[in-house]
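# Examining the three-dimensional arrangement
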Amino acid sequence: MEPKKTYTGRPRRPRKTRSSVWLAEFASRRLITTGGIGTIVAIVTVFVFLLYVVGHLFLSASVTGQAHAEIDWAQAAPLQMGMDEDQLMCWALFPDGSLQLVRLDTGELLEKRNLFPDQHLTAVSFTPGGETTALGFEDGSVRMGTIRFDTSFLDPDELPDDVRGLEVGQAARVKSGMVLRTPQGQYRLQELAVDIKDPAKAARPSPVLLVDQSKTTTGQVVTVLTADGKLRLNTVLEKNNLLTGQTTYKLSGIDLPYAEYASTDPPLKLFMSALGDQIYLFWKDGRLVRIDARDKAKPMLAEVRDVLENGSLQVTEVRCLLGKGTFLVGDSSGRVRAWFYVPAEEAGRVVCAHDFPGTGAAVTALAVSDRSRSAAVAHRDGKIRLLFVTSDRVMAELDVSGQIPKSLVLAPKDDGLAAAAAGGIWQWTIDPLHPEITFKSLFSKVWYETHEKPEFVWQSTGGTDSFEPKYSLVPLIIGTLKASFYSLLFGVPLALLAAIYTSEFMHPKSKAVVKPTIELMASLPSVVLGFLAGLVFAQFVERIVPTVLASLFTVPLAFLVGAYFWQLLPDRLAQVLARGRFLFICLVMPPGLLAAIPVGALMEQVLFDGDLRRWLDGGGGSAVGGWVLVLLPLSAIVSVLLMGRYVNPWVRRQTIGLNRLKTALVDFGKFQSACAGTVLLAWVVALILDGFGFDARGLFLGPYSQRNALVVGFIMGFAIIPIIYTIAEDALSSVPEHLRAGSLATGATRWQTAIRIIIPTAMSGLFSAVMIGLGRAVGETMIVLMATGNTPVMNWSIFSGFRTLSANIAVELPDAVRNSTHYRTLFLAALTLFAITFVLNSLAELVRLRFRRRAYQL
Amino acid sequence: MTVSHPASAALESRPTPLLPMPQQPANPRLLDHPGSEESRLEKIARGQSAPAHVHAEIAQTDPVLRITSFSLWYGKKQALFDVSLCIPRGKVTALIGPSGCGKSTLLRSVNRLNDLIDTVRVRGEMQLNDDPIYRPSVDVIELRKRMGMVFQKPNPFPMSIYENVVYPLRIDGERDRRALHEVCERSLRGAALWDEVKDRLHESGLALSGGQQQRLCIARAIAGDPEVLLLDEPCSALDPIATSKIEDLLQELKGNYSVLIVTHNMQQAARTSDFTAFMYLGHVIEYGPTGTMFTNPHLRETNDYITGRFG
Ligand SMILES: Nc1ncnc2c1ncn2[C@@H]1O[C@H](COP(=O)(O)OP(=O)(O)OP(=O)(O)O)[C@@H](O)[C@H]1O
Ligand SMILES: [Mg+2]
């Protein structure tokens with residue numbers, strides 16, 4: 001049979017799809033699905049991992065173990081207790097001067113000694129975190145010393161067999177201390193080490209009532225209140241006798257103004273600040289007296305106040321927190337409040353910054369941590385609360401079953417607590433986790449020690465052990481937003497206008513050069529940009545701030561003036577030159593930049609009283625200048641709108657029938673009056689704002705720092721321009737040509753076409769472009785890292801630096817101890833960044849879809 | 001002999017003419033090349049030039065648009081060859097010719113839309129009411145405002161029906177809502193679209209059907225009150241009822257406006273136009289009053305084309 005002939009002459013086209021095609025179809029579908037799901041899984045994994053690391057921050061402390069041992073301490077409550085690192089033993093100093101060392105798990109008395117057989121102990125002071133102790137005696141002398149545990153590792157070969165056979169985690173008594181088999185298999189010995197120096201004799205032998213000491217840079221200072229009503233601030237003089245090798249101590253000091261209180265009841269507690277310049281006295285009735293001894297020649301009674309504000313209550317216990325800045329005051333209602341001194345130029349004051357409401361049962365004992373701002377408070381009803389002062393957090397609540405806890409001690413690593421009561425000693429092991437962090441401490445104002453008021457502060461590390469970490473993410477979030485804001489402020493208009501210009505106005509030949517050039521800018525590594533910004537550009541800008549500011553106005557103005565001049569060109573010439581229009585635009589730029597020099601100088605003279613930097617620092621000149629500067633762009637927009645709405649139609653009616661040159665002249669005149677109007681409007685509004693007492697300094701302007709938001713805005717703007725430009729240009733170019741033709745055919749100008757047809761149609765693309773730019777700006781690290789001072793200050797001033805979330809992570813993560821609060825908080829910063837970009841992108845997508853729906857079916 | 005055409009398929013769907021068509025070149029006035037069997041079309045196809053045959057009646061009309069030896073190149077490819085046409089004022093002039101012969105190109109040249117294509121070069125001159133079109137000093141914007149154009153493919157803007165129609169007024173800065181609404185209604189009625197869209201003027205113009213979109217574009221073109229209306233196959237996507245309404249519109253516009261219409265529909269050309277120009281491969285072959293062109297064309301090539309045969 002003759003094969004059927006087809007039209008093309010080829011054999012009949014097979015109707016069946018080939019298996020290879022099916023295979024490709026199947027494979028690609030699977031591949032794409034896998035890829036898509038893989039991406040989602042990867043993102044979710046990152047998210048889950050971040051959540052996992054961060055989640056610990058918000059868990060409450062947990063009590064992991066509890067022990068009770070009967071000890072007969074009925075005779076008196078310990079003045080102070082101390083625990084060793086391994087929470088095996090505890091020493092207790094009693095009012096009679098005896099020191100006991102007991103095993104916590106069994107209550108076995110390991111050692112008992114009388115420290116001062118021939119002296120009568122009358123006052124003690126223990127400093128949290130510091131090891132030095134001051135002890136006051138009836139004979140008026142004061143002794144310094146240390147009571148602590150010494151840690152050493154023992155050689156297994158020298159150990160008795162029963163100790164060598166210890167299982168990991170088990171402990172045994174060895175000599176005067178205890179040995180613990182550590183998880184590493186070592187034998188760690190904890191021993192009590194007591195070192196009390198010889199007495200420092202005071203001038204008058206009056207019994208010491210209260211004593212406190214501080215180790216300052218100039219030596220040890222001791223404040224002593226004696227029974228004869230004298231309060232003295234002493235320095236401890238140390239004298240080495242070269243012959244006998246003996247060291248003798250002497251107190252020499254000044255009298256503090258105390259006469260007023262000499263005849264009343266003695267105070268409950270005496271403290272001095274870490275620097276030894278403030279002395280605080282707490283009375284039972286709630287009185288607090290602060291003596292300012294900054295001027296040693298003239299110490300003065302600085303402040304008297306009531307820390308209870310309730311006459312029916314009594315202060316039952318006061319302790320100072322690590323750093324000796326904050327005082328915890330416990331009262332008979334069980335309320336615990338934290339007070340600290342806020343220094344100020346003239347009159348500093350003591351403020352109550354944290355408040356733990358009472359339970360009704362009086363505070364019987366307080367113990368403070370040696371390493372953090374946590375404290376334990378015991379109540380008369382047997383309840384014990386573990387507090388974290390900075391974050392106002394109650395970490396745990398414990399109970400000694402109805403007994404009255406008389407003394408408390410926190411383990412050196414904050415991971416344990418012991419309480420002594422008549423029935424013996426109770427011990428808890430605790431996992432404190434991260435009490436510094438609460439939602440409040442992260443995202444709202446916290447009143448930190450010595451700060452004047454509650455504030456948002458990020459300061460994760462400090463110079464001293466007693467440093468109070470401040471983990472507020474708000475300054476970092478603000479920094480991130482500020483960096484993005486200023487870089488978008490600079491980058492977005494430039495990139496979008498450039499995109500509109502290239503896609504709608506530029507000759508294709510120029511476009512073929514310009515577009516790849518701008519896209520090439522994207523390949524500049526941001527570290528190079530950051531380097532340029534921080535080391536070159538910042539210094540350059542610093543030298544010519546007024547010129548830079550002026551150029552923000554003169555350059556766009558130069559372009560506008562150039563455009564009007566172009567209109568003034570004779571028709572023929574304009575037509576001939578049309579192809580070189582881009583060149584002409586380039587030519588306009590240098591005069592614009594040059595004009596910035598005199599304009600900048602003039603601006604500085606007129607607006608800023610001749611010195612911009614001084615004006616920014618708050619000196620000289622009214623606020624008007626700054627407002628004019630800030631308001632100029634806004635008033636330009638307003639005047640453009642007003643022009644378009646009211647002036648233009650009128651001008652158009654007047655100029656009907658005029659020739660091209662005359663119309664252009666009228667246009668130019670209109671432009672000039674618009675400029676004048678803009679300046680006038682800005683000036684008037686500035687005057688009004690100034691009249692109402694508003695000042696842009698502190699809002700958008702502020703003291704100049706070399707690496708600031710202006711520099712970052714410029715450089716990061718530069719970094720995001722290529723990406724915004726590329727996407728925006730593509731979006732604009734992909735608007736179908738027939739729309740462009742349709743609009744032009746109705747007689748619309750290119751600009752009208754762009755504004756009314758092209759931009760609305762490409763809106764979703766333009767929006768994506770800006771959003772991707774924003775995403776880049778939010779996450780950008782290197783530039784902000786290098787071009788800002790990375791100071792986490794919180795303001796919107798264009799002249800100050802900031803620290804962004806990403807830069808913060810980059811700066812601090814290498815130094816953060818794994819799984820520490822700091823480490824996890826940095827992860828939280830990462831999560832926050834993630835959330836910000838996620839929210840921004842989702843919002844952007846929603847908006848984009850809206851635009852998209854509007855321009856569908858193209 | 002058959003000359004191959006780029007898109008001879010367009011001829012196949014040609015409807016039978018309404019007017020009696022001469023089956024034979026019986027007209028004694030029918031011009032042939034003296035002493036030659038070779039047709040003009042063959043010569044043109046070979047790249048030679050052939051002068052256009054313009055009827056004498058054209059010379060007596062008052063031209064609104066005068067095209068003088070206009071040539072156009074897309075890069076190296078020449079699309080129009082020495083086209084000379086006078087479009088009479090207040091009349092409808094039809095451009096017919098096989099697909100790809102340069103009708104759209106000619107139309108786009110009239111309002112200088114070809115400026116958008118940067119490979120285009122032109123030679124020759126056009127004048128609108130004695131104002132030059134192709135002079136460097138011409139204000140193209142003003143020029144385009146004097147003409148309205150409907151494209152071969154409907155191109156409504158991505159905005160509401162209402163805004164689409166009043167677009168020409170919007171760009172002139174017209175803000176008077178009553179005036180805008182009046183223009184909108186008149187134009188939509190003229191374009192036979194009013195009844196269909198009057199309840200949804202503020203919905204997207206893109207949500208209309210293809211034929212409705214084309215009528216929307218026609219409404220937009222007439223909303224600008226142009227002196228000359230350039231219509232590029234305005235009815236190719238329309239059903240017979242809408243088509244006849246558009247044709248009615250043309251009759252209504254005639255007098256005040258001059259219309260230049262491209263069409264592949266011979267009946268339409270015969271029904272609506274006063275003058276007809278027949279183009280072939282970028283050349284004008286014959287140009288004369290429609291009546292003569294369809295009943296008594298001077299050239300055999302024209303006759304062949306309108307009767308559906310070449311050569
Ligand atoms: N933008 C362009 N670039 C290059 N050549 C073009 C371009 N537009 C049209 N042409 C060519 O010019 C010639 C004339 O095209 P034109 O669109 O004017 O034809 P037409 O007569 O309108 O055809 P139709 O009846 O199919 O619409 C065609 O050969 C076409 O290939
Ligand atoms: Mg066409």
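For every chain, the first residue of its written sequence is number 1, and the numbers climb from 1 along that sequence. Written order determines the labels here, with chains lettered from A and ligands numbered from 1. Only residues with pLDDT of at least 70 get local features here, since the model is predicted, and only at 80 or more are side-chain atom pairs given and counted; chain-wide, interface and lining totals rely on the full set of residues.

### A closer look at the overall build of chain A
Using the following cut-off: A run of H or I in DSSP becomes a helix once it reaches four residues, and a run of E becomes a strand once it reaches two; helices and strands are each numbered from the N terminus. Taken over C-alpha atoms, the radius of gyration is set against a globule rule of 2.2 Å times the number of residues to the power 0.38. Burial is judged by counting the other C-beta atoms within 10 Å of a residue's own C-beta: 20 or more makes it buried, 12 or fewer makes it exposed, and any count in between marks it as partly exposed, with every C-beta position built from the backbone. Here the contact rule is simple: place C-beta atoms from the backbone, and any two residues whose C-beta atoms are within 7 Å are in contact.
Assigned secondary structure in chain A consists of 20 helices and 33 strands. Radius of gyration (C-alpha) of chain A: 38 Å, far over the 29 Å computed for a compact globule of 858 residues. Taking the principal axes of its C-alpha atoms as reference, chain A extends roughly 115 × 95 × 60 Å. Looking at chain A as a whole, 41% of its 858 residues qualify as buried. Across chain A, every contact between residues at least 6 apart in sequence was considered, and the portion connecting residues at least 24 apart equals 64%.

### Regarding the overall build of chain B
Check the secondary structure of chain B and you find 13 helices and eleven strands. Expressed as a percentage of its 311 residues, the buried residues of chain B come to 46%.

### Remarks on the domain arrangement of chain A
For clarity, the cut-off: Either an automatic procedure or a domain database provided the assignment from which the domain bounds are taken.
As far as domains go, chain A holds domain 1 (143-198) and domain 2 (478-623 + 697-854). Placing the centre of domain 1 of chain A and that of domain 2 of chain A at their C-alpha centroids yields a distance of 65 Å.

### Overview of helix α7 (residues 526-543) of chain A
Residue and element names in this part refer to chain A. Threshold: To estimate the expected span of a helix, subtract one from its residue number and multiply by 1.5 Å.
The terminal C-alpha atoms of α7 lie 24 Å apart, and with 18 residues this matches the ideal 26 Å at 1.5 Å per residue to within 8%. Restricting attention to buried positions, one finds in α7 the residues Ser526, Leu529, Gly530, Ala533, Gly534, Phe537, Ala538 and Val541. Buried residues belonging to α7 abut α8 (545-568), α14 (709-733) and α18 (782-787).

### Here we look at the pairing of strand β30 (residues 416-421) of chain A
All names here are of chain A. Let me state the cut-off plainly: For two strands to count as paired, DSSP must find a minimum of two bridges between them.
Of all six residues in β30, six are buried, a share of seventy percent or more. Examined bridge by bridge, strand β29 (residues 405-410) and β30 share five bridges and lie antiparallel to one another. Residue pairing for β30: Ser407 is matched across the bridge by Ala420. Hairpin connection between β29 and β30: a loop of five residues separates the two successive antiparallel strands, and Asp414 in this loop has a positive phi of roughly 65°. Connecting β30 to the antiparallel partner strand β31 (residues 424-431) that follows it, the hairpin turn spans two residues.

### Some details on the site of ligand 1
All names here are of chain B. Convention followed: Contact assignment follows one rule, namely that a residue is near a molecule or strand if its backbone-placed C-beta atom lies within 6 Å of it.
Taken together, the neighbourhood of ligand 1 is formed by 13 residues, with Tyr74, Ser99, Lys103, Ser104 and Thr105 sitting nearest. Secondary-structure elements contributing two or more residues to the shell around ligand 1 are β3 (77-88) and α4 (103-110). The greatest single-element share of the shell around ligand 1, amounting to three residues, is contributed by α4.

### As for the interface of chain B and chain A
Counting from both sides, the interface comprises 22 residues of chain B and, opposite them, 28 residues of chain A. Sorting the residues of the side of chain B that touches chain A by element identifies α5 (140-145) and α6 (161-171) of chain B as the ones contributing at least two each.

### Considerations on the sheet that holds strand β1 (residues 62-69) of chain A
Residues and elements named next belong to chain A. Operational definition: To obtain an axis, a line is fitted to C-alpha atoms, over the contacting stretch when the element is a helix, and the angle between two such axes runs from 0 to 180 degrees between their N-to-C directions.
Ordered in space as β1-β31-β30-β29, the four strands form an open sheet in which the pairing is antiparallel. In the strand order of this sheet, the two ends are held by β1 and β29, each with one partner. Strand after strand, the sheet turns through a mean of 20° between neighbouring axes, direction not considered. Across seven bridges, the pairing between β1 and β31 is antiparallel. Within β31, the position partnered with Ala69 by the bridge is Ile425.

### Some details on the nonpolar core
Residue and element names in this part refer to chain A. Condition: Linking buried Ala, Val, Leu, Ile, Met, Phe, Trp, Tyr and Cys residues through C-beta atoms within 7 Å yields a set, and such a set is a nonpolar core.
Residues Ala533, Val711, Val712, Ile715, Ile724, Ala728 and Ile783 are the most contacted members of the largest nonpolar core, which totals 166 residues. Looking at this core, the element that brings in the most residues is α14, giving 18 residues. Setting aside its immediate chain neighbours within four residues, Ile783 contacts Ser526, Leu529, Gly530, Ala533, Val712, Ile715, Met716 and Ala719. Core analysis: the next-biggest nonpolar cluster, separate from the first, contains 107 residues, Tyr280, Phe282, Val329 and Leu410 among them.

### Thoughts on the environment of Gly97 of chain A
Residues and elements named next belong to chain A. You can see Gly97 is positioned in the loop between β3 (89-93) and β4 (98-103). Looking at Gly97, the number of C-beta atoms within 10 Å reads 20, which means it is buried. For Gly97 and Glu70, which are 27 residues apart along the polypeptide, the C-alpha to C-alpha distance reads 22 Å. When neighbours within four sequence positions are excluded, Gly97 is seen to be in contact with Asn114, Leu115, Phe116 and Leu121.

### Some words on the packing of α8 of chain A against helix α10 (residues 581-607) of chain A
Two packed helices can be described by the angle between their axes and the distance between those axes. Residue and element names in this part refer to chain A. Put simply, the test is: An angle counts as roughly parallel when it lies under 35 degrees, as roughly antiparallel when it exceeds 145, as roughly perpendicular when it falls between 65 and 115, and as oblique in every other case. Take the far helix as the reference: if the near one is turned anticlockwise from it by less than a right angle, the crossing is left-handed, and if turned clockwise, right-handed. Only Asp, Glu, Lys and Arg are considered charged, only Ala, Val, Leu, Ile, Met, Phe, Trp, Tyr, Cys and Pro nonpolar, and every remaining residue, Gly among them, polar.
Where α8 meets α10, the axes come as close as 6 Å, and the angle between the chain directions of the two elements is 135°. When the axis of α8 is compared with that of α10, the two are oblique. Considering only the axes of α8 and α10, their crossing is right-handed. When its residues are assigned to classes, the contact of α8 with α10 shows 20 nonpolar, six polar and one charged.

### Focus: the sheet that holds strand β17 (residues 269-272) of chain A
Residue and element names in this part refer to chain A. Judged by pairing direction, the sheet is antiparallel, and its four strands sit side by side in the order β17-β18-β19-β20 without closing on themselves. Whereas interior strands pair on both sides, the edge strands pair on one side only; in this sheet they are β17 and β20 (300-306). Direction aside, neighbouring strands of the sheet carry axes that sit 15° apart on average. In this sheet, strand β19 (residues 287-292) lies alongside strand β18 (residues 278-282) in antiparallel orientation, the contact comprising five bridges. Residue pairing across strands places Ile279 opposite Ile291, the latter belonging to β19.

### Some words on unusual backbone geometry
Note: most residues except glycine have negative phi, and most peptide bonds are trans. Phi is positive for Leu433 of chain A, close to 55°, though the residue is something other than glycine. Mapping Leu433 of chain A onto the fold places it in the loop between β31 and α4 (439-443). With 17 C-beta atoms counted inside 10 Å, the residue Leu433 of chain A sits in the partly exposed group. Notably, Ala192 of chain B is not glycine yet its phi reads approximately 60°, a positive angle. The topology assignment puts Ala192 of chain B in the loop between α7 (177-190) and α8 (194-197). Residue class for Ala192 of chain B comes out buried when judged on the 22 C-beta atoms lying within 10 Å of it.

### Focus: the pairing of strand β21 (residues 315-320) of chain A
Residue and element names in this part refer to chain A. Taking burial as the measure, the six residues of β21 include six buried ones, the bulk of the element. Alignment of β21 against strand β22 (residues 326-331), held across five bridges, turns out to be antiparallel. Within the sheet, the bridge partner assigned to Val318 lies in β22 and is Val329. Here β21 folds back onto β22 in antiparallel fashion, the turn holding five residues, of which Gly323 has a positive phi close to 95°.

### Examining the environment of Ser39 of chain B
Looking at the secondary structure, you find Ser39 of chain B in the loop between α1 (9-12) and α2 (40-45). In this structure the C-alpha to C-alpha distance between Ser39 of chain B and Leu113 of chain B, which are 74 residues apart in sequence, comes to 33 Å.

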